[in-house]
Amino acid sequence: MAVVTLLSDFVDGTSMALSEDTEAETLNAYMTAAPGRLWAGIQQRRLARHLTRERRGPGTLYFATTAEAHATVMAYLQSDTGSCEESNKLKAMQAAGVEIAPHIGKASERDVLIRGQQRDLTAQARAKGFG
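How each quantity is defined
- Residues numbered from 1 in each chain as written.
- Predicted model: local features only at pLDDT ≥ 70, side-chain atom pairs only at ≥ 80, totals over all residues.
- Heavy atoms only, no water.
- Axes fitted to C-alpha atoms, helices over the stretch in contact; angles between N-to-C directions.
- Helix = DSSP H or I, 4+ residues; strand = E, 2+ residues; numbered from the N terminus.
- Parallel < 35°, antiparallel > 145°, perpendicular 65-115°, else oblique.
- Left-handed = near helix turned anticlockwise from the far one by under 90°.
- Contact = heavy atoms within 4.5 Å.
- Nonpolar A, V, L, I, M, F, W, Y, C, P; charged D, E, K, R; others polar.
- Buried < 20%, exposed > 50% of the residue type's maximum accessible area, 1.4 Å probe, protein only.
- pLDDT = per-residue confidence, 0-100.
- Pairing = 2+ DSSP bridges.
- Polar contact = N/O pair within 3.5 Å; in protein donor to acceptor, adjacent residues only side chain to side chain.

### Some thoughts on the packing of helix α3 (residues 67-77) against helix α4 (residues 84-95)
Moving on, step 1. Packing of α3 against α4 brings their axes to within 9 Å, and their N-to-C directions diverge by 160 degrees. Taken together, α3 and α4 sit at an angle that is classed as roughly antiparallel. Judged by the sense of rotation from one axis to the other, the crossing of α3 with α4 is left-handed. Touching T72, V73, A75 and Y76 of α3 are E86, K89, L90, A92 and M93, all from α4.
Moving on, step 2. Residue composition of the contact of α3 with α4, grouped by class: six nonpolar, one polar and two charged.

### Focus: unusual backbone geometry
What is expected of a backbone is that most residues other than glycine have negative phi and most peptide bonds are trans.
Moving on, step 1. The phi dihedral of H50 is positive, around 60 degrees, even though this residue is not glycine.
Moving on, step 2. Since its relative accessible area comes to 74%, H50 is described here as exposed.

### Section: the confidence of the model for the protein chain
Moving on, step 1. Of all residues in the protein chain, 79% attain a pLDDT of 70 or more, and the chain-wide mean is 83.
Moving on, step 2. When pLDDT is averaged over each element of the protein chain, α3 comes out on top at 95 and helix α6 (residues 123-126) at the bottom at 55.

### Describing the sheet that holds strand β3 (residues 59-64)
Moving on, step 1. Strands sit in the order β2-β1-β3-β4 across an open sheet of four strands; the sheet is antiparallel. Two strands close off the open sheet at either side, each with one partner strand: β2 (15-22) and β4 (99-103). Each strand axis lies, on average, 20 degrees off the axis of its neighbour in the sheet, ignoring direction.
Moving on, step 2. Strand direction decides the pairing type here: strand β1 (residues 2-9) and β2, joined by eight bridges, are antiparallel. In the strand pairing of β2, V3 is matched with D21.

### What to know about the environment of S15
Moving on, step 1. If you trace the backbone, S15 turns up in strand β2.
Moving on, step 2. Along the chain, S15 and R55 lie 40 residues apart, while their C-alpha atoms are 9.0 Å from each other.
Moving on, step 3. Aside from chain neighbours lying at most four places away, what touches S15 is L7, S8 and D9.
Moving on, step 4. Engagement of the side chain of S15 in a polar contact is seen with the side chain of D9, the distance being 2.4 Å.

So, in structure tokens, the structure goes:
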């Protein structure tokens with residue numbers, strides 16, 4: 001059974017990913033059959049945790065058709081951003097046949113995608129350490 005994962009980055013510097021099994025055979029079939037279901041789940045979880053629900057830009061959907069492909073997605077998501085490991089995990093994910101597409105929720109996110117510009121992180125999100 002295929003697994004689809006939605007990864008979203010938020011203006012406070014946090015990220016959240018949510019996965020679900022699907023009977024859809026392709027990412028396009030999933031997106032047309034169940035638009036917004038994962039996004040609604042992420043919004044509910046963030047609301048319950050009192051976190052911002054405003055994304056920095058479009059999220060990303062990963063569609064894995066096998067358990068092995070889904071494992072490469074999970075490994076990719078757990079790697080450090082910008083690292084060599086992340087680059088290697090991305091190549092492994094692509095070699096496993098994982099479909100990747102932007103996830104657009106609102107008109108403002110469509111504009112961000114078209115312009116290719118995400119909002120800057122807040123000062124709080126850039127802060128490192130304490131004191």
